[in-house]
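# A look at the structure
Listed below are the residues making up each chain.
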Amino acid sequence: MKIVKQIILPVLAVIVLTACGDKQQAASSDEAVATQTFKWKMVTSWPKNFPGLGLAPEKFAQYVSEMSNGRLQVQVFGAGELVPGFEVFDAVSQGTVQMGHSGPYYWKGKIPASPIFGAMPFGMTATELNAWLHYGGGLELWQQLYKPFGIIPLAGGNSGAQFAGWFKKEINTIDDLKGLKMRIPGIGGEVLQRAGGVPINLPGGEIFSALQSGAIDGTEWVGPYNDLAFGFYQAAEYYYSSVWHEPGTALEFLINEKAFNELPKDLQKIVTVAARAVNEDTLDEYNARNNNAMKQLIEKHNVQIKELPAPVLAELKRFSDEVIAEQVAADEGFAKVWASYSAFLADIRDYHNKTLKPYFENR
Ligand code: CA
């Protein structure tokens, strides 16, 4: 027995000491992780602190700082402060900055399928798009698509249904769109082109002066909350509320993959959960503020709110189907994402046709 004790006790002691050592080491490396701080830069495609669009990245920075107790600080830059609004994607891809906040359809020249994650003419509403992204496989497809660029995309807010926009003349027939120079990005712009119009892509901050000078005859932007902020009512007489080209537009957070991988696990989780919170919060904000802003436009600024005639919308739908069919044939990536999106849309449209559509008419 004595011999056994003499052998076992030192062995046990070694085991216990080793275990303590491991624990101490683990504790001290946890402490190192817990005190390491990260300073990130986020560039955006919006004027600094612009209502809705520009507040989403500010909110994200605030949430992340508070949840991480200051271990991850994100400094937000407006369009043009560090890079121009349309160079956000490249800046994140190249690692010039760690994050960006923008709209997926701005990158269609680089990635033809990217507009599907933002807004498709006659496509999903905000609620439907969020359902597809987070429970229908959409986000996985989006992340696969941006992976070759070293970027992780996350949904970064939704504007809800957008207005058809501001025009200097009335739109009574599809022929009224012929030769019309209009600021309209994404697939919507291609549909306008099919109708004989001239789509022009301008960052938000450049639209008002282009409309006022007559460089463009019309513009879409977002909806009353954002359009009031830019003062478009001073430059165009007719405001069309019809929803067609952007029925629920998703914004995006772009994260440099390498920078994300360098974060400890808890900060990674804080980043993804903060993005998800801002995604919902932004939609709530738009829903709350749009109707109030529309009242102000009508009552204070005498804006005429009009609807596009049904035959014009039917023609736009027909052109839209044509443009999408051509994109599917031309690009494998577009075809893959569209297959998932359109299948989800068909199902959820049937569901909402049986539920919300009659409800909206009955309440
Ligand atoms: Ca828009």
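To be clear, the structure that these remarks concern was listed above.
Residues numbered from 1 in each chain as written. Predicted model: local features only at pLDDT ≥ 70, side-chain atom pairs only at ≥ 80, totals over all residues. Heavy atoms only, no water.

For the rest of this paragraph, the subject is the coordination of the calcium ion. Ligation of the calcium ion by protein atoms is provided by Q162 (OE1), E220 (OE), E220 (OE), W221 (O), E246 (OE) and E246 (OE), these donors lying 2.2 to 3.1 Å from the ion. Metal-centred angles of 45 to 160° between the six donor atoms at the calcium ion mark the site as irregular. Read from N- to C-terminus, the donor residues coordinating the calcium ion fall into the pattern Q-x57-E-W-x24-E. Highlighted residues: Q162 in the loop between strand 4 (151–158) and strand 5 (165–167) and W221 in the loop between strand 8 (218–219) and helix 9 (224–230), separated in sequence by 59 residues. W221 sits in the buried class, given a relative accessible area of 3%. (Donors = N, O, S within 2.8 Å, 3.2 Å for Na, K, Ca; no water. Tetrahedral: all angles 85-135°; square planar, octahedral: opposite > 155°, others 65-115°. Helix = DSSP H or I, 4+ residues; strand = E, 2+ residues; numbered from the N terminus. Buried < 20%, exposed > 50% of the residue type's maximum accessible area, 1.4 Å probe, protein only.)

Counting 105 residues, the largest nonpolar core has F60, W132 and W221 as its most contacted members. Beyond its immediate stretch of four places on either side in the chain, W132 contacts I116, F117, M124, G137, G138, L141, V337, S340, Y341 and F344. (Core = buried A, V, L, I, M, F, W, Y, C linked by side-chain atoms within 4.5 Å. Contact = heavy atoms within 4.5 Å.)

This next bit is on helix 13 (residues 332–354). Over its 23 residues, helix 13 extends 34 Å from the first C-alpha to the last, a length consistent with the 33 Å expected when each residue adds 1.5 Å. Where the residues of helix 13 are buried, they touch helix 4 (115–118), helix 5 (126–135), helix 6 (138–146), helix 7 (186–194), helix 12 (310–330) and helix 14 (356–362). (Expected span 1.5 Å × (residues − 1).)

What follows covers the sheet that holds strand 1 (residues 38–44). Spatially, 2-1-3-10-4 is the arrangement adopted by the five strands of the open sheet, whose pairing is mixed. Strands at the two margins of the open sheet, each flanked by one partner only, are strand 2 (72–77) and strand 4. Between one strand axis and the next, the sheet turns by 25° as a mean value, whatever way the strands run. Two elements, strand 4 and strand 10 (residues 250–256), share six bridges in a ladder whose sense is antiparallel. By the bridge assignment for strand 10, A155 is matched with E252. Contacting strand 4 and strand 10, helix 6 runs over the sheet at an angle of about 135° to strand 4. Here helix 11 (residues 265–299) sits on the sheet in contact with strand 1, strand 2, strand 4 and strand 10, set at roughly 30° to strand 4. (Pairing = 2+ DSSP bridges. Axes fitted to C-alpha atoms, helices over the stretch in contact; angles between N-to-C directions.)

Remember, this is a structural readout, not a statement about activity or role.
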